[in-house]
Amino acid sequence: MNIPANLKYTKDHEWVSLEGDIATVGITHFAQKELGDIVYVEVETLDQTLEKDEVFGTVEAVKTVSDLFLPLSGEIIAFNDSLESTPEVVNSDPYGAGWMIKIKVAKMDEVDSLLSSESYKELIGA
């Protein structure tokens, strides 16, 4: 299973890539595999400031809909618009073209609460 060492993870199966105070967020390979074929990604929180663990959107697969939880407090400054027409890229490239949002992180100390790749592997039993 693909779990890049350079990323941080949440218990809710989101990944986080940090560049300064900007975090790029998506769902993990494990999450997309569990969901199955993704048919829709909805994020209606663009330009909103949310707290860590609040729902920022949903991902819909053929048989289920799952909430997406914000891994870090901050303002959602970008949504991957390409997911509107090609949501299946989350299945084929979850850590690349399948990213979902970018956040301007408000509380950098929250980064310490994220999981390392090793801790995430333990969480999912990989």
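Predicted model, so just to flag it, every value in this text is computed and none were measured. (Residues numbered from 1 in each chain as written. Predicted model: local features only at pLDDT ≥ 70, side-chain atom pairs only at ≥ 80, totals over all residues. Heavy atoms only, no water.)

**Q** Any chance you could break down the environment of glutamate 75 for me, citing the residues and the numbers?
**A** Position of glutamate 75 among the secondary structure elements: in strand β8 (residues 74-79). What makes glutamate 75 partly exposed here is its relative accessible area of 30%. Linking glutamate 75 and lysine 104, residues 29 residues apart in sequence, is a C-alpha distance of 5.2 Å. (Helix = DSSP H or I, 4+ residues; strand = E, 2+ residues; numbered from the N terminus. Buried < 20%, exposed > 50% of the residue type's maximum accessible area, 1.4 Å probe, protein only.)

**Q** Tell me about the pairing of strand β6 (residues 55-61), and please be specific about residues and values.
**A** If a strand is regular, its side chains alternate between the two faces of the sheet. Taken across its 7 residues, β6 has 5 buried, putting it largely inside the fold. Relative to strand β7 (residues 65-69), β6 runs antiparallel, the two sharing 5 bridges. Bridge pairing in β7 places threonine 58 opposite aspartate 67. (Pairing = 2+ DSSP bridges.)

**Q** Before we move on, can you summarise the UniProt feature "domain: Lipoyl-binding" (unreviewed entry) in the protein chain with the specific residues and values?
**A** When the UniProt feature table is mapped onto this chain, "domain: Lipoyl-binding" (unreviewed entry) is found at residues 22-104. Within the segment residues 22-104, helix and strand shares are 18% and 42% respectively, and the terminal C-alpha atoms sit 5 Å apart. (UniProt positions renumbered as here; feature names shortened; annotations may be inferred.)

**Q** Describe in detail the packing of aromatic side chains, supporting the description with residues and values.
**A** By the definition in use, this model includes 2 aromatic pairs. Each ring, one from tyrosine 9 and one from tyrosine 120, has its centre 4.8 Å from the other, and the planes form 15 degrees; the classification is stacked. Here tyrosine 9 is found in strand β1 (residues 8-9), whereas its partner tyrosine 120 is found in helix α4 (residues 117-124), with 111 residues between them in sequence. For the pair formed by tyrosine 9 and tyrosine 120, the shared burial category is buried. Look at tryptophan 15 and tyrosine 95: their rings are 6.0 Å apart centre to centre, the planes differ by 55 degrees, and that puts the pair in the tilted class. Taken together, the residues tryptophan 15 in strand β2 (residues 14-19) and tyrosine 95 in the loop between α3 (89-92) and β9 (101-105) connect sequence positions 80 residues apart. Across the pair, tyrosine 95 and tryptophan 15 agree in class, each one buried. Note that lysine 102 overlies the ring of tryptophan 99, its terminal NZ or CZ placed 4.8 Å from the centroid. (Phe/Tyr/Trp six-rings, centres within 6.5 Å; stacked < 30°, edge-to-face > 60°. Lys NZ or Arg CZ within 6 Å of the ring centre and 35° of its normal.)

**Q** Can you break down a nonpolar patch on the surface residue by residue, with the values?
**A** Residues Val39, Tyr40 and Val62 make up a contiguous nonpolar surface patch of about 280 Å² in total accessible area. Within the secondary structure layout, valine 39 lies in strand β4 (residues 38-42). Residue valine 39 is classed as partly exposed on the basis of its relative accessible area, which comes to 42%. (Patch = residues over 30% accessible without salt bridge, like charges linked within 9 Å, V, L, I, M, F, W, Y side chains within 5 Å. Areas by Shrake-Rupley, 256 points an atom, 1.4 Å probe, with all protein chains shown as cover. Salt bridge = Lys/Arg side-chain N within 4 Å of Asp/Glu carboxyl O.)

**Q** Before we move on, can you summarise the UniProt feature "modified residue: N6-lipoyllysine" (unreviewed entry) in the protein chain with the specific residues and values?
**A** In the UniProt entry, the feature "modified residue: N6-lipoyllysine" (unreviewed entry) is given for Lys63. Turning to its location among the elements, lysine 63 is positioned in the loop between β6 and β7. On the basis of relative accessibility, which here comes to 82%, the residue lysine 63 falls in the exposed class.

**Q** Any details on the sheet that holds β2? Residues and values, ideally.
**A** A sheet is described by the order of its strands in space; here 6 strands give the open sequence β1-β2-β3-β9-β8-β5, paired in antiparallel fashion. Every interior strand has two partners, whereas the edge strands, β1 and β5 (49-50), have only one. Bridge analysis of β5 against β8 gives 2 bridges, and the strand direction is antiparallel. Across the sheet, leucine 50 pairs through a bridge with glycine 74, a residue of β8.

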